[in-house]
Amino acid sequence: MAMAFKMATTGMWVTDECKTSFMEMKWKKVHRFIVFKIDEASRLVTVDKVGGPGEGYDELAASLPTDDCRYAVFDYDFVTADNCKKSKIFFIAWSPSASRIREKMLYATSKEGLRRALEGIHYDMQATDLTEMGMNVIKDRAK
């Protein structure tokens, strides 16, 4: 089995694939976003979907289920008022209203462990629908 990092509060493990994919996104810019899910049977946090460098916010939003919780990281590139290129990484805890209560609790209690395993996140967001994590919200937070 691949190396995993244990999240003490819930007994969940973050797989190597999660951390490796995040580092590839952060340093090599080969991913625009990564969606993570918890596999309750194996007690692992795994990579659910990876968005390529040509994909953007719309593909991330489309990849989040309407009735299931997920975590996501999104690499947002923008140009400042001083004409300087910047990149900020957003951590999104996706917990839609239609998801089960047990699942919402599991994701809420496991969030900090995954967040600590992924070093270099600039902003945290909690969203229950797409309007709470819309592109306008991301642009406003990145300023």
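Note: the structure precedes this text.
Residues numbered from 1 in each chain as written. Predicted model: local features only at pLDDT ≥ 70, side-chain atom pairs only at ≥ 80, totals over all residues. Heavy atoms only, no water.

Asker: Describe in detail the pairing of strand E5 (residues 70–79), supporting the description with residues and values.
Answerer: Among the 10 residues that make up E5, eight are buried, leaving the element largely enclosed by the rest of the structure. Pairing between strand E3 (residues 33–39) and E5: four bridges, direction antiparallel. By the bridge assignment, Val35 is partnered in E5 with Ala72. Relative to strand E6 (residues 85–94), E5 runs antiparallel, the two sharing 10 bridges. Bridging from a neighbouring strand, Tyr71 pairs with Ala93 of E6. Connecting E5 to the antiparallel partner E6 that follows it, the hairpin turn spans five residues, and Asn83 within it adopts a positive phi of roughly 65°. (Buried < 20%, exposed > 50% of the residue type's maximum accessible area, 1.4 Å probe, protein only. Helix = DSSP H or I, 4+ residues; strand = E, 2+ residues; numbered from the N terminus. Pairing = 2+ DSSP bridges.)

Asker: Explain the nonpolar core residue by residue, including any values.
Answerer: Within the largest apolar cluster, 22 residues are counted, with the highest numbers of intra-cluster contacts made by Phe22, Phe36, Tyr71, Val73, Leu114 and Leu118. The set of elements that each furnish at least two residues to this core consists of strand E2 (12–15), helix H1 (16–28), E3, strand E4 (44–51), E5, E6 and helix H3 (101–117). It is H3 that provides the largest number of residues to this core, a total of four residues. Listed in part, the 19 residues of the second largest apolar core include Tyr57, Phe74, Ile92 and Ala127. (Core = buried A, V, L, I, M, F, W, Y, C linked by side-chain atoms within 4.5 Å.)

Asker: How would you explain H3 if you had to name every residue and give the values?
Answerer: Between its terminal C-alpha atoms H3 stretches 25 Å, which fits the 24 Å expected from 17 residues at 1.5 Å a residue. Along its length, H3 reaches its greatest deviation from straightness, about 40°, at Ser110. (Expected span 1.5 Å × (residues − 1). Bend = angle between axes of the 7 residues up to and from the residue.)

Asker: An account of the pairing of strand E7 (residues 123–127) is needed here, citing residue identities and associated values.
Answerer: Along E7, the buried face is formed by Tyr123, Met125 and Ala127; none of Asp124 and Gln126, which line the opposite face, is buried. Where E6 and E7 come together, five bridges link them in parallel fashion. Its bridge partner lying in E7, Ile92 is registered against Met125. Between the parallel pair E6 and E7, the chain is carried across by H3, and the sense of this crossover is right-handed. (Right-handed = clockwise from strand over helix to strand, strands pointing away.)

In short, shape yes, function no, at least from these values alone.
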